[in-house]
Every structure is written in C-alpha cells, then in structure tokens.
Amino acid sequence: MARSLPAEHDARGQVPGGTVTFLFTDIEGSTKLLERLRAKYAELLADHGEILRSAFVQWHGHEVDTQGDAFFVTFSRAADAIACVIAAQRALASHDWPDGVAVRVRMALHTGEPMISDAKYVGIDVHVAARIASAGHGGQVLLSQSTQSLVHGDLPPGATLRNLGPHELKDIRLPQQIFQLDIAGLPTDFPALRTFASAPQLPPHNLPARSTDLVGRDRELETIREHMLQPETRLLTLTGPGGAGKTRLGVEAAVALLAAFRDGVFFIDLSSVAHPHLVASAVAQILGLHETGAEPVLESLKRFLRSRHVLLVLDNFEHVLPAAADVVELIESCPSLKVLATSREPLHLQLERDVPVHPLAVPDLRRPQTAAALGECSSLALFVQRARAAQPDFTLNEGNVRSVAEICVRLDGLPLAIELVAARMKVLTPAAILARLDRQLMLLSSGERHFPGRHRTLQATIDWSYELLTPGEQALFRRFATFAGGWTLRAAEAVADVSELNVLEGIDALLDKSLLWRGTQPDAEPRFGMLETVRAFARNQLEASGERETTRHRHAAYFLAQAERLDSELLGPRQTPSLDLLERELDNIRAALEWSQDTDRVTGLRLASALWLFWFLRGRLSEGRGRIEGFLATAEPSRSARAKALFAAGFLAQSQGDYDAALAMHQESAAIYRELGDRAGSGLALFGLGRVAYEQGKLAAARELLEESLMIAREFKDETAIGLRVTSLAHVALEASDLVRARALFDEGLSRWRRLGGRQGVAYALSGLGDVLRVEGDAAAARPLYEEALAIQRGLGDRANMPITLRRLGFVTLEQGDLPAAGAYLEEALTLSEELGSRSGLATSLEAVAALAAQRRPSDAIRLAGAAAALRDAKGAAAPASWRTEIAQRLAPALRAVSRGARLAGWAEGQSMTTENAVACAITTARAIGNEAASRTDATPLSPREREIVTLVAQGLTSRQIADRLVVTERTVDTHLEHVRDKLGVRSRAQITAWAAASGILGPR
Ligand SMILES: Nc1ncnc2c1ncn2[C@@H]1O[C@H](COP(=O)(O)OP(=O)(O)OP(=O)(O)O)[C@@H](O)[C@H]1O
Ligand SMILES: [Mg+2]
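Residues numbered from 1 in each chain as written. Chains lettered and ligands numbered in written order. Predicted model: local features only at pLDDT ≥ 70, side-chain atom pairs only at ≥ 80, totals over all residues. Heavy atoms only, no water.

1. Examining the pattern of salt bridges
Thought 1: Considering all chains together, one arrives at 59 salt bridges under this definition.
Thought 2: For Glu776, the salt bridge goes to Arg743, with nearest N and O atoms at 2.7 Å. With Glu776 in the loop between α33 (759-775) and α34 (779-796) and Arg743 in helix α32 (residues 739-756), this pair connects stretches of sequence that are 33 residues apart.
Thought 3: Ionic contacts of the salt-bridge type, sharing partners, join the residues Arg714, Glu719, Glu748, Arg752 and Arg755 into one network. (Salt bridge = Lys/Arg side-chain N within 4 Å of Asp/Glu carboxyl O. Helix = DSSP H or I, 4+ residues; strand = E, 2+ residues; numbered from the N terminus.)

Quick look at the structure:
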C-alpha cells in the first residue's frame, strides 16, 4: 500500500534520503475559518505559511509538499524536527491573527527510512505519518514511537512527552504507540485522538502484518482455536506440503488467540535459521532477551518463560527438526507456555498434536456448475482475489470460469501456486494461462493427490513463473537467493549487480508476480524476502547459472562494508538503531561468515572483528570470540587486519573474565601495531591491555597504559575513543581512591559523551560521578546522578547495566535512611539480575539485599549472603575487591547480632538454598524492610514505586500504558497493583483513585 507524494526538488534536485523524520501539519477547521474571514483568510494563510516556513528554514527542514494549509516537510535529524514544531507552535500561539480568531495547527512527526522513487517518498512510513497527523487536534503535536525513541532522552527544556498508548490507524494493520509532545505554556489537554478505533488492550506481539484477506479456512481456524485453548494442548503442529498455507493459517490462528496469552504472542521465522542449535537464540532475540554469555540461551529462555503466559509460533520447523528437543525442554519447564509450529513434517513428539493443512478446496469439474457457485470454492476465491491485484476489474463469468476452475484443479488448490499464476493476469487471460500451464504440467499425472505430486506441481508452477520473467528479472531473482532472512533495497542493489535493469523496478516486477514478499515493519527500512519454497528454487537456479560464488562474494563484501561503517556508530547517538539494524541482518551476517569460511577467510575475519562492539553490547560474547578465533587460526590476513582481530577477540575474552587469553591477544596485537608503526592501532591495543590490568587490580600499570592510549586518541581527535579511555581511566582513579582525579575524568567523559550524543556513555559517566560522591560520603548528591543514569538506561532498554545502577541507588537511599526506596530499588535489581541470568550479577544483587537487611533482619542477611556465596563458587563469578570490602563492612552488624552457632547454621542454610528460593527470600526481605519502614515513618503504606503507579492509575492510565511509561513489564505493574490492593484493602481501580486523591499523594491539583 505505497502512497506517494510529490517532492519538490531542492537545489540539487534531491530529497533527503536515509533515515528521515516526517512532519505533517494542517490547520484545524480551515473551512470554518475561511467562511468566517472570507477575504481576510488569504492574509491568515500567508501569515501561517510564513511562520511555519521560517521555522522549517531555521531547523533545516526540507519542504516536500504544500497543499492549501497543509505542509509535508522532512528533517534529517529528529531533534531538529522537535525544535521546529516547538518554535512553530509557540509562534502560532503568540501571533496576532485577523479578527482575533485562533489558528490551531495539528502536527505529527514520524521517523522512517522511506524509499525514494522519482524524487518522491514512497512507502508505508509516509502513510503512517499522514495517518497520525489526521488523528490529532489543532494545537496538538503527536509523535510515533520511532520518533519518540530517538528524542525522548534529549528533549529541549520545557518539552515533555506523554504516552497516549496504542491506537489503531485507518489502513495501518498494527496498532501504533502514539505520544503527545507537551510544550510548556501551551495547551496540553485535548480530546481523545481521532483514530480509526481505540485499540483494544492487546498483549505484546510481533505477528507479521497481513496485506490481503484470508480466504476460507473457517473450519481449520476453529479447530486450532479449540485445541489450543484446551489446557492439555501444549504443542500443536500444522503440517502439510510447501505452499499449502501453513504459515498463513498459523498467523491467523495466532491473531485469533491473542487475547488468551496475556504476556504475548511471538512469531519466530525459522526458515533462515541455519542450525538447529541457533533456534533458542532466534527465540531469545524475538523476546528481547539479549544473551549474556553467562549461561546457555536455553536456560535464560526457561527462566524468562517460566511464569509467563506466552504463545510461540515457530514457523517452518522442518528446517531445524533436531531442535524439537529444545522445544520439549522449554514446554516442560514453563507451565504456561504453548507452542504453535508449522512444518512440512511433524516434530514426532509425544506431546505434539498434529493438524494437517490441506490445500484449498477445488471444484468437481464433472458436475456442471454456475460461475457464482464455483466462485464460492476457496481455491477459485483465492484466484479471483489475486487476479484482482493484477487487474482490478476482473470478475468470474460464464466465459472464463471453466478455465479458472481448471487452473485451480491443475494446481491442486495449492495457494502458493495459485498466487503465482493469478499474478500473471495482467497480460494473460485464464484460457491462455491454462494452455501454457498444460504444457508445463504435461509430465505430471493430474489425478494424483499425494504429497510428491503436489510438490512437483508447485515446482513446475514456480518454474513456469520463472520462465516468464525477462532475463534481467531472472538474474535478479536467482541472485536474491543469497540473502538469508530478507534484504533491503540498498543491499539488493549492491548484491544483485544487474546492469540491464533498475533494481527497484525489478523488485516491483517480482513483487507483482508474487515471487517476493515485502515486509511492513513500521519503524524499519522496507524489507523484501522470498517464501522458503521459492527461495529453494531460486537457489537451485543460482547454482545452475554458475553465478553463486561471485554473488556470495558481493553479499559478504556488502555486509562487511556495512559492519565496518557502523563500527564507529555503535557508541554514538545512533547506537540503538545501528544495533537493531545489525540484529535484523544477523542471518545475512552469519551466512556471509559461513561462506567466508570456505572461500574468503580474510573477509570473514574482518567482518567478525568489525562487529566486536555488537557482539559485546548484545551479549554474544562466545559467538563473537569463537568466530574471530576460528578465522585467526586459518586465515592469512594482512598484519593490520590480524592486529585488529586480536584486539577484538581479546576484548571479548576479557569481558568473559578470561584474562590470561585476553592479555596474550592484546600483547600480540600491540606488537604488530608497533612493528607496523600504526599509532592509532597501538592506542587500541594499549586500551585493551589497560582494561585487563584494571580488572586484575594492577592499578599503576592500568593507569600508565590507559594514559598512553588516551594520548594517542587525542592526537587523532578520535572522540569515541577519547570518551571510552577517559572513563576507563576515571575508574582506575576511583579504585585507587584518587577522588579528585576520578571526578575530573568523569566530568570530562560526561561532557564528551553529551556532545557526541552517546547516551550509554552519558549514563556510565553519571553513575561514575555518583560513585565519587558516594565514596566522599555525600549520598544526597549522588542519588540524583544515579537516578538520571537509571532513567537513561531505562530509555535505552539497557537491561545489562540497569541492575548495577539500581544497586547503587539501593545503597545511597539506604544511607539516606529511605528504606522503602532502598527496598524497591534492590528488589528491581534482583528481579532483573535473575532475568538476565548472570550468576555473578545475581550473587551481587543478593549480597546487596543482605546488606540492606544487616541491621534489621540479621538472620535473613546471613542466609542471603550464604546463598550468594554458593553462586560465587562458579568459575568467573568472583566479586571485585572493592565490592567484597563494602559488603563485608555492611554485613558486620548482622554477624555481631547473632550467636556463632546461628551464624553458621544460617550460612549453611543459605548455601543449600535453590536459586529460586534465595530470590524469593530476598524479595520478601527487601519488601518487608521497606514496608515496615514505610508504615513507621509515613501515613502512606506504599513504596515509592507503588505510589508512582497509583498516581498513574489515578490519571486514568491502564496497566499496559503504565508499563510502557515506566519501561517495566505489564506483569510487574500488575504485581505492584496487587500489593497496593492488599495494603489498602481496596479492590477496584476507582477505589485506588479515590484513595490517591484523599491521601494527598497526587499533590496540589
Ligand atoms: N487461506 C489463504 N488465504 C489467502 N492467502 C493464502 C491462504 N493460504 C495461503 N495463502 C498465501 O499463499 C502463499 C503460501 O502460503 P504459506 O506461506 O502459508 O505456505 P506454507 O504452507 O507455509 O509454505 P512453506 O511450507 O513453503 O512454508 C502465501 O503468500 C500466503 O499468504
Ligand atoms: Mg511457511
């Protein structure tokens, strides 16, 4: 559903490309204004245009289109777009309008990566932006989620965002999160959005959007629904031949089941997953669990899903049948999990329920039937639906119905085959199609209805469709088989290398012929792909054409260039989108790495090492290190490529706690760089060496190494490297108790990261400054710094670093005597550490709660410390010295408070606790301490978090909206609300709201 708008050419005749933020504006009630002002309306319109245009110019907006009072403008930076709408709304509000009328302009911002065709923007993003604009009211500024995620950490003063929740927009399949920009001094209360329909409160899901209506399948859907709702059904497999419609049916069934899985329904496309052992990781990625490297992914998955009501849709399982064992393990350890699989063959599991998916019904040609009666048959209905996409006025009539019916019979009712053939209706009549098909299918005995026959029908149909392509389209089509998990237009242009046709047009032609699909993820660049059966065919063609190697070579080169380009962006303002982009391309990257292994190891080595920060930041430590080391052992790269790879592998090894290996690799890397006289490279290796020295407690050496590496970064004015090295040095100074120097360095780091727009770095430096203040004993000053760091990490979804900041907040609030806050922070740290699955992280969080409990519940404190110690016994889970000292000091009162016998017994009890029990015990302890303190010191029995949630309930937000606002799961919000209900002795949300108003926690109105 591409919508295109004319684009005014700028001086260079181009519109901004890449990621752009769209702004749509228009005057509310312009017709009324015109009727009222008559001649003076022109004056109003001129003033309005002048005000807006001067804001566009000031903030580098590119005016794409104007229609009457409506503007369409694009910006290269989302922050400029925000500054522009603020300036424009302020100027509009303060302007002196004719006859004192008020001119209210609605504005909407949405960020995307549209395609540009003929100097016009095309694609779903333009559509989304326009729809959001029409949902708003005069004076209101609305943002889509994609714009919000780019700007929310960095809004100009006086501007705040408000989450209006998910809304369904006309013609846009999936509900969109919409945010309102509140501008200080301007109205912020507006009526409900004028959306298509207020989206029902759906659980989270990632089900692919469907761009056509489902044909038939009512009975199948009902069967699947019934089965899936029975408690004893845990795994249902839709089986059937390729192209029979299993995926489509599975997705539709999942949509119908959404309401039954409150924690979400997740679709995992396994067709491009290369090995059965990567299935768990594919699922984890979709669930947003970043691997920590600390434990097998399957374990993290089990822990995450253990108490969640989730439906996983595992699509195209036939590729990874050995992974069935993982599915069984998951199902057995997660009582509320259900799985819907699609597969060409059953998984052969005892607990599996198998539902065969037959192709669509075909008519009985021996009986005479009318066109209308035949049109009811689902295979014909699908043919008509698809034929209309090619030729909108197509209808079945007595003249053509016989041919269409015969086509459907010939094609065994296989939806994919029907789709491919009907797409040809632009140029061929049904009778002509039938004649050509006949020739193609002649070898097949049409009476056969068993599996191999259908398989051959489908192959023959794809072949038929391929033969009808132009040679250029054929080349494009077969070369696309190199991609795994889809591709973007840019990638297609780089990899296809066809001179005879324009790639975008070629893609359009293949889309028209149903040989490709187009993904409509609202926030990302458009993606194209092939259904698996079609891809297998294309792969064979590629093989036969002899172009396989050269195409794969271009494929690897493209992803290498992309990875090397993004290498420097992974710590800057575009960190999240860049990481997400690499994540989306991970199947392609893995495919390129695999191919390189046999043919071009140097490319593989460079690709794997360029991704060092990606492997690190997304917790794929062992995969990254393993791949680099594999290539290092066999490739013969240039000296400098080898040195970079050694640094990358050393960095990952250090992050895994393998200091000896890290040291050896960094040393070799440093030696090569020195020998080459490569100073920038030497700086990198020295940085690696310095970090290892720091981790090993060799502070003087660390300082010397890092200082030299910093000096080199400064010579090259490499801002990211300076930022990283300055903050590392700051930590060394802090560890060495040189507080003056630590503060100066963190300050420098902070201002650098702010200037660079690296929000993760900003949070890191802020919490470092907090550490300095805390060591100085100024908890009150440290707290807001940690809070700011936490807010940034929440915004980034940086779950790996959040527990660290939460624990620091737990300790400063403890020092301030704010026990309810301390309990809440440490409880959250604990829950997150548990979800992340790092043993040492969990042990640290348990120790933090033990410290909290030391004075008030000494026996619990000792038990928790014992449980933590048991976790610490594992390799790589040792705590740094400074933490050990801090915990020992904080636990001392507990040890003094109980007898020696009780101490030993408590410790032993803790050591033998299961992890689960230890976590439960810690949560109870943290809560009890918080609650006791709260009821002593405050009339409000609620924890700060609960108060925050109650305030939002009183503002009318649903649990889902609250969860989004606070960046926690909905389940967490519900748990808090359950506690609130218990504590206050109330049942309904209305009662909670009434209590909030009466208690005064809402503050003066
Ligand atoms: N009932 C239906 N209504 C409309 N379109 C359908 C229907 N069933 C299948 N299709 C379309 O037919 C094509 C093939 O279907 P699908 O991809 O679901 O097959 P599959 O059985 O999953 O194949 P494979 O085994 O290759 O994965 C898709 O484009 C799909 O959208
Ligand atoms: Mg499928």
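The discussion continues.
2. Observations regarding the packing of helix α26 (residues 621-634) against helix α27 (residues 639-655)
Thought 1: Contact geometry of α26 with α27 gives a least axis separation of 9 Å together with a crossing angle of 145 degrees. Where α26 crosses over α27, the two elements pack in a sense that is left-handed. Listed contacts from α27 to Leu621, Gly624, Arg625, Ile628, Glu629 and Leu632 of α26 are Arg642, Ala645, Leu646, Ala648, Ala649, Leu652, Ala653 and Ser655.
Thought 2: Tallied by class, residues from the contact of α26 with α27 come to nine nonpolar, two polar and three charged. (Axes fitted to C-alpha atoms, helices over the stretch in contact; angles between N-to-C directions. Left-handed = near helix turned anticlockwise from the far one by under 90°. Contact = heavy atoms within 4.5 Å. Nonpolar A, V, L, I, M, F, W, Y, C, P; charged D, E, K, R; others polar.)

3. Observations concerning the coordination of the magnesium ion (ligand 2)
Thought 1: Donor atoms from the polypeptide that bind the magnesium ion (ligand 2) are Thr247 (OG1) and Asn316 (OD1), placed at 1.9 to 2.6 Å. Taken as a pair, Thr247 in helix α7 (residues 246-257) and Asn316 in the loop between β14 (310-315) and α10 (324-333) lie far apart in primary sequence, 69 residues in all.
Thought 2: Of the residues examined, Thr247 reaches a relative accessible area of 29% and is grouped as partly exposed.
Thought 3: Residue Asn316 is classed as buried on the basis of its relative accessible area of 11%. (Donors = N, O, S within 2.8 Å, 3.2 Å for Na, K, Ca; no water. Buried < 20%, exposed > 50% of the residue type's maximum accessible area, 1.4 Å probe, protein only.)

4. Topic: the packing of aromatic side chains
Thought 1: All chains considered together, the criterion is met by 18 aromatic pairs.
Thought 2: Note on Phe383 and Phe394: the rings are 6.3 Å apart at their centroids and 65 degrees apart in plane angle, and the pair reads as edge-to-face. Linking Phe383 in helix α12 (residues 378-390) with Phe394 in the loop between α12 and α13 (401-410), this pair joins segments that are eleven residues apart in sequence.
Thought 3: Using a relative accessible area of 0% as the deciding quantity, one classes Phe383 as buried.
Thought 4: With centroids separated by 5.7 Å and ring planes inclined at 10 degrees, the aromatic side chains of Phe811 and Trp883 adopt a geometry described as stacked. In this pair, Phe811 is assigned in helix α35 (residues 802-815) and Trp883 in helix α39 (residues 881-897), connecting sequence segments 72 residues apart. Side by side, Phe811 and Trp883 carry an identical accessibility label, which is buried.
Thought 5: What links up through ring pairs into an aromatic cluster is the set Phe480, Phe483, Trp487, Tyr558 and Phe559.
Thought 6: Just above the ring of Phe304 sits the side chain of Arg308; from NZ or CZ to the centre is 3.8 Å.
Thought 7: Over the ring of Phe811 we find Arg890, and its NZ or CZ is 4.2 Å from the ring centre. (Phe/Tyr/Trp six-rings, centres within 6.5 Å; stacked < 30°, edge-to-face > 60°. Lys NZ or Arg CZ within 6 Å of the ring centre and 35° of its normal.)

5. What about the site of ligand 1?
Thought 1: What surrounds ligand 1 is a group of 21 residues, the closest being Lys246, Thr247, Arg344, Glu419 and Thr533.
Thought 2: Ala244 places a polar main-chain atom, nitrogen or oxygen, 3.2 Å from an oxygen atom of ligand 1.
Thought 3: Bound to the protein, ligand 1 loses 93% of the 630 Å² it would expose on its own.
Thought 4: Elements with a contribution of two residues or more to the shell around ligand 1: α7, α12 and α14 (415-422).
Thought 5: Its residues placed into classes, the shell around ligand 1 shows eight nonpolar, six polar and seven charged. (Near = heavy atom within 4 Å. Polar contact = N/O pair within 3.5 Å; in protein donor to acceptor, adjacent residues only side chain to side chain. Areas by Shrake-Rupley, 256 points an atom, 1.4 Å probe, with all protein chains shown as cover.)

6. Points about the sheet that holds strand β15 (residues 337-343)
Thought 1: Taken in spatial order, the five strands line up as β13-β14-β15-β12-β16 in an open sheet, and their pairing is parallel. Sheet topology places β13 (265-269) and β16 (352-356) at the edges, where each strand pairs with a single neighbour. Along the sheet, successive strands turn relative to each other by an average axial angle of 20 degrees, direction set aside.
Thought 2: Examined bridge by bridge, strand β12 (residues 235-239) and β16 share five bridges and lie parallel to one another. Paired with Thr239 across the two strands is Pro356, which belongs to β16.
Thought 3: Taken strand by strand, helix α8 (residues 279-287) contacts β13 and β14, and its axis lies near 135 degrees from that of β13. (Pairing = 2+ DSSP bridges.)

7. Observations regarding the environment of Thr239
Thought 1: In this structure, Thr239 sits in strand β12.
Thought 2: Separated by 103 residues in sequence, Thr239 and Thr342 place their C-alpha atoms 6.0 Å apart.
Thought 3: Once residues within four sequence positions are removed from consideration, Thr239 is found in contact with Lys246, Ser343, Glu345, Pro346, Asp354, Val355, Pro356 and Val357.
Thought 4: Side chain to side chain, Thr239 and Asp354 meet in a polar contact 2.8 Å long.

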